[in-house]
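Residues per chain, in single letters:
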Amino acid sequence: MNLIDIYLKTRNMKKTLLVCCALAFTLCVQAQRKPAGDKIKTPWAEQIDPANMLPEYPRPLVQRGEWSNLNGLWQYAIAPKGQAEPAVFDGQILVPFAIESSLSGVQKEVGDEHELWYKREFTIPSSWRNRNIVLNFGAVDWKTDVFINDILIGFHEGGFIPFSFDITPYLTGKSTHTLVVRVWDPTDKGYQPRGKQVNKPEGI
(Lines give C-alpha, C1' and ligand atoms only; values in the text may rest on other atoms or scores of the structure.)
Protein backbone atom coordinates (compact mmCIF):
# COMPACT_ATOMS: atom_id res chain seq x y z
CA MET A 1 0.00 0.00 0.00
CA ASN A 2 1.41 3.33 -0.98
CA LEU A 3 0.82 6.87 0.26
CA ILE A 4 -2.56 8.38 1.03
CA ASP A 5 -3.47 12.06 0.99
CA ILE A 6 -6.37 13.60 2.84
CA TYR A 7 -7.67 16.89 1.55
CA LEU A 8 -9.79 19.25 3.56
CA LYS A 9 -11.99 21.75 1.78
CA THR A 10 -13.84 24.58 3.42
CA ARG A 11 -17.56 24.60 2.71
CA ASN A 12 -17.32 28.27 1.81
CA MET A 13 -16.68 28.08 -1.93
CA LYS A 14 -14.82 31.42 -1.92
CA LYS A 15 -12.15 30.01 0.30
CA THR A 16 -10.72 26.54 -0.21
CA LEU A 17 -8.21 24.87 2.05
CA LEU A 18 -6.69 21.60 0.93
CA VAL A 19 -5.17 19.39 3.55
CA CYS A 20 -3.20 16.28 2.75
CA CYS A 21 -2.45 13.05 4.50
CA ALA A 22 -0.23 10.10 3.60
CA LEU A 23 -1.24 6.54 4.76
CA ALA A 24 -0.46 5.33 8.20
CA PHE A 25 0.13 5.72 11.97
CA THR A 26 -1.83 6.41 15.05
CA LEU A 27 -1.10 3.28 17.00
CA CYS A 28 1.47 3.32 19.77
CA VAL A 29 4.89 3.09 18.17
CA GLN A 30 7.30 0.45 19.33
CA ALA A 31 10.53 2.20 20.17
CA GLN A 32 12.76 -0.54 18.76
CA ARG A 33 10.82 -1.48 15.63
CA LYS A 34 13.13 -3.48 13.34
CA PRO A 35 12.97 -4.55 9.68
CA ALA A 36 12.20 -8.22 9.07
CA GLY A 37 15.00 -10.44 7.80
CA ASP A 38 17.95 -9.30 5.70
CA LYS A 39 16.49 -9.47 2.19
CA ILE A 40 17.75 -6.60 0.00
CA LYS A 41 18.70 -4.65 3.09
CA THR A 42 20.73 -1.43 3.08
CA PRO A 43 22.74 0.19 5.91
CA TRP A 44 19.94 2.78 6.28
CA ALA A 45 17.27 0.21 7.17
CA GLU A 46 18.07 0.36 10.89
CA GLN A 47 17.70 4.14 10.89
CA ILE A 48 14.01 4.13 9.95
CA ASP A 49 11.80 5.84 12.52
CA PRO A 50 8.18 4.54 12.47
CA ALA A 51 7.08 7.66 14.34
CA ASN A 52 8.44 9.89 11.57
CA MET A 53 7.99 7.83 8.42
CA LEU A 54 8.45 9.83 5.21
CA PRO A 55 7.33 13.09 6.84
CA GLU A 56 7.72 15.23 3.72
CA TYR A 57 4.64 16.40 1.86
CA PRO A 58 3.94 13.79 -0.86
CA ARG A 59 3.01 16.27 -3.61
CA PRO A 60 5.70 18.98 -3.91
CA LEU A 61 3.94 20.82 -6.74
CA VAL A 62 0.70 21.28 -4.80
CA GLN A 63 1.99 21.61 -1.26
CA ARG A 64 -0.54 22.64 1.40
CA GLY A 65 -0.06 24.28 4.76
CA GLU A 66 -2.26 21.92 6.79
CA TRP A 67 -2.16 18.18 6.50
CA SER A 68 -1.72 15.06 8.59
CA ASN A 69 0.79 12.34 7.77
CA LEU A 70 -0.59 8.84 8.32
CA ASN A 71 2.58 6.94 7.47
CA GLY A 72 3.83 4.61 10.19
CA LEU A 73 2.58 1.55 12.01
CA TRP A 74 -0.81 0.03 11.19
CA GLN A 75 -2.39 -3.23 12.27
CA TYR A 76 -2.39 -5.88 9.56
CA ALA A 77 -3.96 -9.27 8.95
CA ILE A 78 -3.74 -11.83 6.16
CA ALA A 79 -7.10 -13.60 5.76
CA PRO A 80 -8.77 -15.88 3.19
CA LYS A 81 -10.30 -13.97 0.29
CA GLY A 82 -13.95 -13.00 0.66
CA GLN A 83 -14.20 -13.09 4.44
CA ALA A 84 -15.28 -10.31 6.79
CA GLU A 85 -12.80 -8.17 8.69
CA PRO A 86 -10.73 -10.36 11.04
CA ALA A 87 -11.66 -10.13 14.71
CA VAL A 88 -7.97 -10.34 15.62
CA PHE A 89 -5.15 -8.86 13.55
CA ASP A 90 -1.76 -10.53 13.06
CA GLY A 91 0.48 -7.69 14.19
CA GLN A 92 1.87 -4.38 12.97
CA ILE A 93 3.09 -3.32 9.54
CA LEU A 94 5.07 -0.23 8.63
CA VAL A 95 3.27 1.71 5.89
CA PRO A 96 4.01 2.55 3.09
CA PHE A 97 6.30 -0.48 2.62
CA ALA A 98 4.94 -3.59 0.89
CA ILE A 99 4.22 -6.52 3.20
CA GLU A 100 6.72 -8.70 1.32
CA SER A 101 9.54 -6.25 2.04
CA SER A 102 11.95 -6.27 4.94
CA LEU A 103 11.19 -2.63 5.80
CA SER A 104 7.53 -3.40 6.40
CA GLY A 105 8.61 -5.39 9.44
CA VAL A 106 6.55 -8.36 8.22
CA GLN A 107 8.14 -9.89 5.08
CA LYS A 108 5.32 -12.33 4.29
CA GLU A 109 3.71 -13.48 1.06
CA VAL A 110 -0.04 -12.95 0.71
CA GLY A 111 -0.96 -14.84 -2.49
CA ASP A 112 -4.04 -14.70 -4.69
CA GLU A 113 -6.22 -16.72 -2.29
CA HIS A 114 -5.82 -14.24 0.57
CA GLU A 115 -6.51 -10.59 1.23
CA LEU A 116 -4.41 -8.16 3.20
CA TRP A 117 -6.20 -6.02 5.80
CA TYR A 118 -4.84 -2.74 7.17
CA LYS A 119 -6.37 -0.99 10.18
CA ARG A 120 -5.67 2.14 12.19
CA GLU A 121 -7.34 5.03 13.94
CA PHE A 122 -6.96 8.65 12.93
CA THR A 123 -7.91 11.90 14.60
CA ILE A 124 -9.59 14.92 13.04
CA PRO A 125 -8.17 18.17 14.48
CA SER A 126 -10.75 20.50 15.95
CA SER A 127 -9.57 23.24 13.57
CA TRP A 128 -10.83 21.14 10.63
CA ARG A 129 -14.48 21.42 11.63
CA ASN A 130 -16.95 22.51 8.95
CA ARG A 131 -14.61 21.37 6.21
CA ASN A 132 -14.96 18.56 3.74
CA ILE A 133 -12.36 15.85 4.31
CA VAL A 134 -11.10 13.92 1.29
CA LEU A 135 -8.99 10.81 1.69
CA ASN A 136 -6.60 10.41 -1.23
CA PHE A 137 -4.54 7.29 -1.88
CA GLY A 138 -1.36 7.68 -3.90
CA ALA A 139 -1.56 4.04 -5.04
CA VAL A 140 -2.63 0.67 -3.66
CA ASP A 141 -1.85 -2.57 -5.45
CA TRP A 142 -4.32 -3.79 -6.65
CA LYS A 143 -8.02 -4.06 -5.72
CA THR A 144 -8.87 -1.89 -2.71
CA ASP A 145 -11.92 -1.54 -0.45
CA VAL A 146 -11.97 1.29 2.07
CA PHE A 147 -14.02 1.38 5.29
CA ILE A 148 -14.56 4.33 7.63
CA ASN A 149 -16.10 3.53 11.02
CA ASP A 150 -17.18 0.07 9.74
CA ILE A 151 -18.90 1.51 6.66
CA LEU A 152 -17.68 0.59 3.15
CA ILE A 153 -17.21 3.99 1.53
CA GLY A 154 -15.81 2.87 -1.82
CA PHE A 155 -13.43 0.70 -3.80
CA HIS A 156 -10.79 1.07 -6.47
CA GLU A 157 -8.98 -1.17 -8.95
CA GLY A 158 -5.55 -0.25 -10.25
CA GLY A 159 -2.14 -0.27 -8.61
CA PHE A 160 -0.50 2.69 -10.34
CA ILE A 161 -2.79 5.71 -10.05
CA PRO A 162 -4.13 7.83 -7.16
CA PHE A 163 -7.76 7.76 -6.06
CA SER A 164 -9.83 9.72 -3.57
CA PHE A 165 -12.92 9.54 -1.38
CA ASP A 166 -14.81 12.36 0.30
CA ILE A 167 -15.20 10.86 3.77
CA THR A 168 -17.03 13.80 5.35
CA PRO A 169 -20.46 12.05 5.45
CA TYR A 170 -18.97 9.05 7.27
CA LEU A 171 -17.36 10.96 10.12
CA THR A 172 -19.35 10.98 13.34
CA GLY A 173 -19.27 13.75 15.93
CA LYS A 174 -16.26 12.23 17.68
CA SER A 175 -12.72 13.24 16.78
CA THR A 176 -11.20 9.74 16.48
CA HIS A 177 -12.23 7.42 13.66
CA THR A 178 -11.33 3.95 12.36
CA LEU A 179 -9.88 3.44 8.90
CA VAL A 180 -9.73 -0.06 7.42
CA VAL A 181 -8.29 -0.93 4.01
CA ARG A 182 -8.73 -4.35 2.38
CA VAL A 183 -6.38 -5.22 -0.48
CA TRP A 184 -6.31 -8.10 -2.94
CA ASP A 185 -3.50 -8.61 -5.46
CA PRO A 186 -3.26 -11.83 -7.50
CA THR A 187 0.12 -10.71 -8.91
CA ASP A 188 0.76 -12.71 -12.13
CA LYS A 189 -2.35 -14.88 -11.65
CA GLY A 190 -4.65 -11.96 -12.48
CA TYR A 191 -5.35 -9.88 -15.58
CA GLN A 192 -4.23 -6.53 -14.16
CA PRO A 193 -1.08 -4.66 -15.29
CA ARG A 194 1.70 -5.79 -12.96
CA GLY A 195 5.10 -4.71 -14.24
CA LYS A 196 7.85 -7.13 -13.17
CA GLN A 197 6.01 -8.68 -10.22
CA VAL A 198 5.74 -12.46 -10.47
CA ASN A 199 5.16 -15.19 -7.90
CA LYS A 200 8.34 -17.01 -8.93
CA PRO A 201 10.95 -14.40 -9.87
CA GLU A 202 13.84 -15.84 -11.90
CA GLY A 203 15.26 -12.92 -13.85
CA ILE A 204 14.45 -9.93 -15.99
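It should be noted that the structure appears before, not after, this text.
All figures in this text were calculated on a predicted structure; none of them were measured in a lab.

Chemist: Hey, could you run me through unusual backbone geometry in this one?
Modeler: Glycine aside, the phi torsion of most residues is negative, and most peptide linkages are trans. Here the bond from Val 95 into Pro 96 is cis, since omega is 20 degrees, no more than 30 degrees from zero. Among the secondary structure elements, Pro 96 is positioned in the loop between β5 (91-95) and β6 (114-123). Within the chain, Asn 149 stands out as a residue other than glycine whose phi angle is a positive 50 degrees. As for its placement among the helices and strands, Asn 149 is situated in the loop between β8 (143-148) and β9 (151-157). The residue Thr 187 is not glycine, and still its phi comes out positive at about 55 degrees. Here Thr 187 shows up in the segment after β11 (176-184). A relative accessible area of 15% places Thr 187 in the buried class.

Chemist: Honestly, the side chain of Asn 136 in this entry has me stumped. Any pointers?
Modeler: On the secondary structure map, Asn 136 appears in strand β7 (residues 131-137). For Asn 136, a relative accessible area of 2% puts it in the buried group. Within the structure, Asn 136 has its side chain in polar contact with the side chain of Arg 59 (distance 3.4 Å). Among the polar contacts made by the side chain of Asn 136, one reaches the side chain of Ser 164 at a distance of 2.5 Å.

Chemist: Explanation requested: the pattern of salt bridges in the structure shown.
Modeler: Opposite charge on two side chains makes pairing possible when the charged atoms of those side chains draw close. All told, the structure shown has 5 salt bridges when counted by the stated rule. Residue Asp 145 is joined to Lys 143 by a salt bridge in which the shortest nitrogen-to-oxygen separation is 3.6 Å. Classification of Asp 145 by relative accessible area gives buried; the value is 8%. Relative accessible area serves as the criterion here: at 24%, Lys 143 is assigned to the partly exposed category. In this structure, a network of salt bridges that share partners links the residues Lys 143, Asp 145 and Arg 182.

Procedures and definitions
- Residues numbered from 1 in each chain as written.
- Predicted model: local features only at pLDDT ≥ 70, side-chain atom pairs only at ≥ 80, totals over all residues.
- Heavy atoms only, no water.
- Helix = DSSP H or I, 4+ residues; strand = E, 2+ residues; numbered from the N terminus.
- Buried < 20%, exposed > 50% of the residue type's maximum accessible area, 1.4 Å probe, protein only.
- Polar contact = N/O pair within 3.5 Å; in protein donor to acceptor, adjacent residues only side chain to side chain.
- Salt bridge = Lys/Arg side-chain N within 4 Å of Asp/Glu carboxyl O.

Purely spatial values, then, with no claim about function.
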